[in-house]
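Coordinate inspection notes
The primary structure of each chain is shown beneath.
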Amino acid sequence: MKELLGDEAEELFKAFNREPMISIRVNTLKATVKEVIDHLRRQGKEVIVSSVVPTVLKFEGPYDFDKSKLYRKGKFVVQEEASALASILLDPKPNETVVDLCSAPGGKTIHMAELMKNRGVIHAFDVDELRLRRMEELIERCGVRIVKIYKMDARKAKDVLGEGIADKVMLDAPCTSDGTLMKNPELRWRIREEKIEEIAQLQYELLNTGIDLLKRKGRILYCTCSMFKEENEDVVEKVLKERDDVRLVPLEGYYSEGFLKGTIRAFPHKHNTIGFFYVLLERT
């Protein structure tokens, strides 16, 4: 981090030591932002509406979600602002075919279904049984009807669906998750340099699979909650160098520019959210 950010790295480390606010996203299939804000204010919460994702609300904890009537009815879900931005950047439309390659526990899957107005289909892949069970509960609670779940390695998605079938692909790739240290402090004892190389290889394979699934002019959003260049810009540059059937669609605004022109990075110390990286690619 010091190599990437210089003296600014100290600010990032301090941000990782702060307790984050609770971040939720309103499910517009079932509720309005006003309805949820009013509900939270009646419970004595001071609510901040995100300037990046207008359906994301932030407030100080603690909060007992199990006792919240609106949460139990699926009117809002727990999701970080930076995570919610991913679906907006991919911009899935009603009646499109979408593939979510590493989908569980389903925050982005639900959000995409919402943006698609519950019309079309989302093929959702994951290998983690426990997370998939949570995802099934979330889908039911939120009133989503367009998701087909596959418990399998997403790298085999082509074997099931075929190539060139998707309008949009979401790849929130497995990563070291170091951008979430403020939420998961125990991660600092588990991150190993040699593990980053192994994960980067998996990310590279998944990204290639995602591109193969796209129709011509279809788009894939590759994102991670990692701060490491090896898991982000380096993976993307490798794929762009090797393939002539894909181009980078420049992203700008929202947060900061990444270390590759046309990519975006969310920094905890600058943007008061978890660390995140985004790149949008189009099949040519």
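Below you will find a few notes about this structure. Since the model is a prediction, treat every value here as computed from it, not as a measurement.

Attention now moves to the pattern of salt bridges. By the definition in use, this model includes 27 salt bridges. Two residues, Arg190 and Glu186, come together in a salt bridge whose shortest N-O distance is 3.8 Å. A relative accessible area of 53% places Arg190 in the exposed class. Note on Glu186: relative accessible area 38%, which makes it partly exposed. Across the pair Arg243 and Asp212 runs a salt bridge, and its minimum N-O distance is 2.7 Å. Here Asp212 lies in helix α9 (residues 193–213) and Arg243 lies in the loop between α10 (233–242) and β10 (246–249), a separation of 31 residues in the sequence. Neither residue differs from the other here; Arg243 and Asp212 are each classed as buried. Residues joined in a network through salt bridges with shared partners are Lys158, Glu163, Asp212, Arg243, Asp245 and Arg283.

For the rest of this paragraph, the subject is a positive patch on the surface. On the surface, Lys30, Arg42, Lys69, Arg72 and Lys73 cluster together into a positively charged patch. Note on placement: Lys73 falls in the loop between α4 (69–72) and β4 (76–78). Overall, Lys73 belongs to the partly exposed group, its relative accessible area being 43%.

Further remarks concern the environment of Arg72. Positionally, Arg72 belongs in helix α4. Taking the C-alpha atoms as reference points, Arg72 and Phe277, separated by 205 residues in sequence, lie 31 Å from one another. Discounting chain neighbours no more than four positions away, the residues touching Arg72 are Asp66, Lys67 and Arg141.

This part is about the packing of α9 against α10. Close contact between α9 and α10 brings their axes to 10 Å; oriented N to C, the two are set at 45°. Overall, the two elements α9 and α10 adopt an arrangement that is oblique. Where α9 crosses over α10, the handedness of that crossing is right-handed. Contact residues: Ala200, Gln201, Gln203, Tyr204, Leu207, Asn208 and Ile211 in α9; Val235, Val236, Lys238, Val239 and Glu242 in α10.

Cut-offs used in this document
- Residues numbered from 1 in each chain as written.
- Predicted model: local features only at pLDDT ≥ 70, side-chain atom pairs only at ≥ 80, totals over all residues.
- Heavy atoms only, no water.
- Salt bridge = Lys/Arg side-chain N within 4 Å of Asp/Glu carboxyl O.
- Buried < 20%, exposed > 50% of the residue type's maximum accessible area, 1.4 Å probe, protein only.
- Helix = DSSP H or I, 4+ residues; strand = E, 2+ residues; numbered from the N terminus.
- Patch = residues over 30% accessible without salt bridge, like charges linked within 9 Å, V, L, I, M, F, W, Y side chains within 5 Å.
- Areas by Shrake-Rupley, 256 points an atom, 1.4 Å probe, with all protein chains shown as cover.
- Lys, Arg positive; Asp, Glu negative; His and termini not counted.
- Charge placed at Lys NZ, Arg CZ, Asp CG, Glu CD.
- Contact = heavy atoms within 4.5 Å.
- Axes fitted to C-alpha atoms, helices over the stretch in contact; angles between N-to-C directions.
- Parallel < 35°, antiparallel > 145°, perpendicular 65-115°, else oblique.
- Left-handed = near helix turned anticlockwise from the far one by under 90°.

By themselves, these figures tell us nothing about what the structure is for.
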